[in-house]
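# Examining the three-dimensional arrangement
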Amino acid sequence: MSTFAFSTGLSGVQSYQNAMNVSAHNVANALTKGIKPQEAQFRENTSTVSVRQGQSGAGGLSLGSGTDLNTEMVNQLQYRNGYSASAKDVKVAI
């Protein structure tokens, strides 16, 4: 088993899961006024995702909190695909 490949895949799985949690939070609170959507930011070479308060609605289907549901859908598709690719790395490394 390659330890490097395993740890790389695992950090990817964890990072994409955290990013998906941020997007799920935004969608769950889309109708809540006064809550600004959060934004997941991937950091290179640290295998982490930081969360920061995003800007209110940048167009598209924006609701009470300013969450753009179109953007969230695209983000969730990207995060799902990244999670899946990282999970395959873990599976191959085992």
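Residues numbered from 1 in each chain as written. Predicted model: local features only at pLDDT ≥ 70, side-chain atom pairs only at ≥ 80, totals over all residues. Heavy atoms only, no water.

This brings us to the overall build of the chain. Per the secondary structure count, the chain includes two helices and two strands. When the elements of the chain are put in sequence order from the N terminus, they spell out α-β-β-α. For the chain, restricting intrachain contacts to residue pairs at least 6 apart in sequence, the fraction spanning at least 24 positions comes to 57%. (Helix = DSSP H or I, 4+ residues; strand = E, 2+ residues; numbered from the N terminus. Contact = heavy atoms within 4.5 Å.)

Turning to the nonpolar core, a few remarks are in order. Counting residues in hydrophobic clusters, the biggest one holds five residues: A19, V22, A40, V49 and Y79. The contact partners of Y79, leaving out residues within four places of it in the chain, are Y16, A19, M20, S23, A40 and F42. (Core = buried A, V, L, I, M, F, W, Y, C linked by side-chain atoms within 4.5 Å. Buried < 20%, exposed > 50% of the residue type's maximum accessible area, 1.4 Å probe, protein only.)

Running from N to C, helix 1 (residues 3-28) and helix 2 (residues 69-93) point in directions that differ by 160 degrees, and their axes come no closer than 8 Å. On the basis of their axis angle, the class for helix 1 and helix 2 is roughly antiparallel. Of the two elements, helix 1 crosses helix 2, and the hand of that crossing is left-handed. In terms of residue class, the contact of helix 1 with helix 2 is built from 15 nonpolar, nine polar and three charged. (Axes fitted to C-alpha atoms, helices over the stretch in contact; angles between N-to-C directions. Parallel < 35°, antiparallel > 145°, perpendicular 65-115°, else oblique. Left-handed = near helix turned anticlockwise from the far one by under 90°. Nonpolar A, V, L, I, M, F, W, Y, C, P; charged D, E, K, R; others polar.)

Quick look at the packing of aromatic side chains now. With the rule as written, the count across this model stands at two aromatic pairs. Here Y16 and F42 contribute two aromatic rings whose centre-to-centre distance is 5.1 Å and whose plane-to-plane angle is 50 degrees, an arrangement assigned as tilted. Of this pair, Y16 sits in helix 1 while F42 sits in strand 1 (residues 38-43); the two residues are 26 residues apart in sequence, bridging distant segments of the chain. Given a relative accessible area of 25%, Y16 falls into the partly exposed group. Summarising the aromatic geometry, the rings of F42 and Y79 are spaced 5.9 Å apart at their centres and angled 55 degrees between planes, so their arrangement reads as tilted. One end of the pair, F42, is in strand 1; the other, Y79, is in helix 2, with 37 residues separating them in the sequence. By relative accessible area, Y79 is classed as buried at 8%. Taken together through their ring pairs, the aromatic side chains of Y16, F42 and Y79 make up a single cluster. (Phe/Tyr/Trp six-rings, centres within 6.5 Å; stacked < 30°, edge-to-face > 60°.)

Right, let's get into the confidence of the model for the chain. Parts of the prediction with low pLDDT should not have their coordinates interpreted in detail. The predicted model of the chain averages 84 in pLDDT, with 82% of residues at 70 or higher. Of all the helices and strands in the chain, strand 2 (residues 48-53) carries the lowest mean pLDDT, 73, while helix 2 carries the highest, 93. (pLDDT = per-residue confidence, 0-100.)

An α-helical turn contains 3.6 residues, so any two residues separated by three or four positions project in the same direction. Helix length check: helix 1 (26 residues) gives 37 Å between terminal C-alpha atoms against 38 Å at 1.5 Å per residue, within 8%. Among all positions in helix 1, only G9, S11, G12, V13, S15, A19, V22, S23 and N26 are buried. (Expected span 1.5 Å × (residues − 1).)

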